[in-house]
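# Understanding the architecture of this molecule
As a plain string of letters, each chain reads:
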Amino acid sequence: QVAPRALSRAGGTILTVRGLRVSTITGGNYTCKVGETIFSGYIDTAGAVPGLNCLILPGLAKGVHAVEIAMNGQEFTSTGEFPINVFDPLHIQNLFPKGVAIGRDGQSITIVGYGLLEKDPTNTKGTISGPVVRVGGENINAEYKDNSHVVFQAPLLAAGSPATQRYLKSTTFKK
């Protein structure tokens with residue numbers, strides 16, 4: 001198992017590989033290989049199955065890559081059945097209209113930015129049909145308008161509620 005299945009070229013993400021000969025031998029030279037780039041790793045025993053965690057640094061090539069791991073830094077084991085997609089970083093430039101009336105369900109909100117329109121070629125099961133916007137802890141399906149605009153419908157939030165406060169502080173976007 002490889003998670004996450006998509007990484008930003010901006011780096012800063014922990015890539016975790018569980019199973020697939022992950023060993024808890026101490027003193028190993030634990031490494032992950034994404035495409036042709038190698039990253040240092042460490043063993044995570046917190047889960048039911050030990051995992052190898054690697055901090056992905058900036059600069060990976062965009063595209064679909066195989067992930068390989070090594071417990072000794074040299075003998076890599078392929079995880080080709082779990083490819084990952086490396087994408088350009090997402091940049092949100094604007095959100096409008098500004099000052100949406102809280103409690104008004106169905107108001108169309110537009111996100112403007114770049115790096116918004118990218119299909120994940122590793123999603124062969126078609127489980128996600130488009131972008132998802134997280135508003136106040138709730139995932140909302142959105143729609144691509146073009147490569148720089150995404151539209152979603154604002155959820156119904158009661159003025160002054162904890163969800164409203166989270167909405168104002170935590171609207172995020174995920175491809």
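Refer to the structure printed above.
Residues numbered from 1 in each chain as written. Predicted model: local features only at pLDDT ≥ 70, side-chain atom pairs only at ≥ 80, totals over all residues. Heavy atoms only, no water.

### Re the packing of aromatic side chains
- Per the counting criterion, the structure on display carries zero aromatic pairs.
- Against the face of Phe-76 rests Lys-33, its NZ or CZ located 5.1 Å from the ring centre. (Phe/Tyr/Trp six-rings, centres within 6.5 Å; stacked < 30°, edge-to-face > 60°. Lys NZ or Arg CZ within 6 Å of the ring centre and 35° of its normal.)

### So, the sheet that holds strand 12 (residues 108-114)
- If you trace the four strands from one edge of the open sheet to the other, you get 11-12-16-15, paired in antiparallel fashion. Where the open sheet ends on each side, the last strands, each with one partner, are strand 11 (91-96) and strand 15 (143-146). Direction aside, the axes of adjacent strands within the sheet are offset by 30 degrees on average. (Pairing = 2+ DSSP bridges. Helix = DSSP H or I, 4+ residues; strand = E, 2+ residues; numbered from the N terminus. Axes fitted to C-alpha atoms, helices over the stretch in contact; angles between N-to-C directions.)

### Focus: the state of the cysteines
- Taken as a whole, this structure holds one disulfide when the rule is applied.
- Linked covalently through their sulfurs, Cys-32 and Cys-54 form a disulfide whose S-S length is 2.1 Å. The S-S bond linking Cys-32 to Cys-54 shows a torsion near 80 degrees; that makes this disulfide right-handed. One end of the pair, Cys-32, is in strand 4 (residues 31-34); the other, Cys-54, is in strand 6 (residues 51-56), with 22 residues separating them in the sequence. (Disulfide = S-S within 2.5 Å.)

### Remarks on the nonpolar core
- Core analysis: the biggest nonpolar cluster contains 17 residues, and Val-34, Leu-52, Ile-56 and Leu-60 have the highest contact counts within it.
- Of all the secondary-structure elements, those providing two or more residues to this core are strand 3 (13-18), strand 4, strand 6, strand 8 (67-70) and strand 10 (84-87).
- Each residue touching Ile-56, except ones within four places of it in the same chain, is listed here: Leu-7, Gly-11, Gly-12, Thr-13, Leu-15, Val-34 and Phe-39.
- Formed by 11 residues, the second largest nonpolar core is a distinct cluster that contains Ile-111, Leu-116, Val-135 and Ala-154. (Core = buried A, V, L, I, M, F, W, Y, C linked by side-chain atoms within 4.5 Å. Buried < 20%, exposed > 50% of the residue type's maximum accessible area, 1.4 Å probe, protein only. Contact = heavy atoms within 4.5 Å.)

### Re the sheet that holds strand 10
- Across the sheet, which stays open at both edges, the three strands sit in the order 2-10-7 with mixed pairing between neighbours. The open sheet has two edge strands, strand 2 (6-8) and strand 7 (63-65), and neither has a second partner. When the angles between neighbouring strand axes are averaged without regard to direction, this sheet yields 30 degrees.
- By the bridge criterion, three bridges tie strand 2 to strand 10 in an arrangement that is parallel. For Ala-6, the partnering residue across the bridge sits in strand 10 and is Asn-85.

The quantities given are spatial measurements derived from coordinates; they are silent on function.
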